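Residue-level listing of the chains:
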Amino acid sequence: MPVWPAEVIAALRSAEHVAVLTGAGVSAESGIPTFRDALTGLWENYRPEDLATPEGFRRDPRLVWSWYRTRRLRVGTAVPNAGHRALAAMERVVPRFSLVTQNVDGLHERAGSRDVIELHGNIGRVKCFDCSRIPDRFDDTEALGHCGFCGGMLRPDVVWFGEFLPPLALSRAQEAALSCDVFLSIGTSNVVEPAASLPWTAARHGAVVLVVNTTDEGQRFGERIHHLTGLSGEIVPALLRAAWPDLLPI
Ligand code: OAD
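Residues numbered from 1 in each chain as written. Predicted model: local features only at pLDDT ≥ 70, side-chain atom pairs only at ≥ 80, totals over all residues. Heavy atoms only, no water.

Undergrad: Teacher, can you tell me more about the site of the ligand here?
TA: Near the ligand lie 24 residues; those nearest to it are Phe35, Arg36, Thr188, Ser189 and Asn213. At a separation of 3.2 Å, an oxygen atom of the ligand approaches a polar backbone atom of glycine 187. Within the backbone of serine 232, one N or O atom sits 2.9 Å away from a nitrogen atom of the ligand. Starting from 790 Å² of accessible surface for the ligand in isolation, the protein chains cover 94%. (Near = heavy atom within 4 Å. Polar contact = N/O pair within 3.5 Å; in protein donor to acceptor, adjacent residues only side chain to side chain. Areas by Shrake-Rupley, 256 points an atom, 1.4 Å probe, with all protein chains shown as cover.)

Pasting the structure below:
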């Protein structure tokens, strides 16, 4: 196990407010591909401009629908891992906990997290490309669906490149980064804004910040920010046990 930065453990124990930002790395151990990992990352093998932009959808809606459907089916059979479960447990022991995710897979909720701030939407929902209405239910078939109100094409309710983030989720995430005592950034390459700025915002406002990644990604944050290299499914449960040794096993 890693050598814990004592400052992080002490800060977690006494924190009034812990904020966490997660990225695709947190779900990697559940078998969901990340975006930018060499060889296996989705953006290593597919062109985001074809699959994750409004222009790409206009050009070939069936292709986009079918790609997201395949991902949705994969997410549906995935199960939350120990990293997701440890974050759900942490929510129950700290006075205030903000879990901000860039993931669209819903695995935090399925692990038991009660209040997840989804910055990039959720692949399990669809909305109308024209009027943005979200139908209560939809037929998840290969065929492209249409809106029951205006007849527009249905698209996944995720944020594509060039689109705005859901304003409420973004303002909640920014408020969390501004007001937390401890900020954990887990399993993200920290390149997509505005999420990528959140650890810096937290650090500037005095939070103790820890970056967890399988690579030495955390090093580029410099000395003021702690980092641990390893799997989130191992590090996050171990961090939980180190900070709260009396907790029952998750
Ligand atoms: P990335 O694929 O960019 O980064 C995943 C990070 O997780 C990498 O830095 C990996 O080294 C790390 N990683 C992989 N497996 C890990 C593990 N088991 N434990 C810990 N770390 C691990 O994914 P995101 O940062 O989430 O946006 O990407 C941000 C956004 O870019 C996504 O939400 C998506 C994408 O385009 C939209 O679709 C809008």
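Following the structure, the description resumes.
Undergrad: I keep staring at helix H6 (residues 61–77) and nothing clicks. Help me out?
TA: The α-helix advances 3.6 residues per turn, and as a result positions three or four apart in sequence lie on the same side. The end-to-end C-alpha separation of H6 is 25 Å, in line with the 24 Å expected for 17 residues at 1.5 Å each. All of the buried residues in H6 are Pro61, Val64, Trp65, Trp67, Tyr68, Arg69, Arg71, Arg72 and Val75. In this structure, the buried side of H6 is in contact with helix H3 (42–45), helix H4 (48–51), helix H5 (54–59), helix H8 (107–111), strand E4 (121–128) and strand E5 (154–158). (Helix = DSSP H or I, 4+ residues; strand = E, 2+ residues; numbered from the N terminus. Expected span 1.5 Å × (residues − 1). Buried < 20%, exposed > 50% of the residue type's maximum accessible area, 1.4 Å probe, protein only. Contact = heavy atoms within 4.5 Å.)

Undergrad: For this particular structure, what's the right way to read helix H11 (residues 232–243)?
TA: The terminal C-alpha atoms of H11, which comprises 12 residues, lie 16 Å apart, in line with the 16 Å expected from a rise of 1.5 Å per residue. Most of H11 is tucked away: 10 of the 12 residues are buried. Those residues of H11 that fall on the buried side of the exposure criterion are Ser232, Gly233, Ile235, Val236, Pro237, Ala238, Leu239, Leu240, Ala242 and Ala243. Buried residues along H11 sit in contact with helix H1 (6–14), helix H2 (25–28), helix H7 (82–93), strand E6 (182–186), strand E7 (208–213) and strand E8 (226–229).

Undergrad: Please explain the environment of arginine 241 as it appears in this structure.
TA: Relative to the helices and strands, arginine 241 is located in helix H11. C-alpha separation for the pair arginine 241 and serine 132, spaced 109 residues apart in sequence, amounts to 43 Å.

Undergrad: Teacher, can you tell me more about the pattern of salt bridges here?
TA: Side chains bearing opposite charge may pair, as long as their charged atoms lie close to each other. Overall, the coordinates contain 13 salt bridges when judged by the stated rule. The partner of glutamate 142 in a salt bridge is arginine 69, with the nearest N and O atoms 3.4 Å apart. Here arginine 69 lies in helix H6 and glutamate 142 lies in the loop between E4 and E5, a separation of 73 residues in the sequence. Residue glutamate 142 is classed as partly exposed on the basis of its relative accessible area, which comes to 48%. (Salt bridge = Lys/Arg side-chain N within 4 Å of Asp/Glu carboxyl O.)

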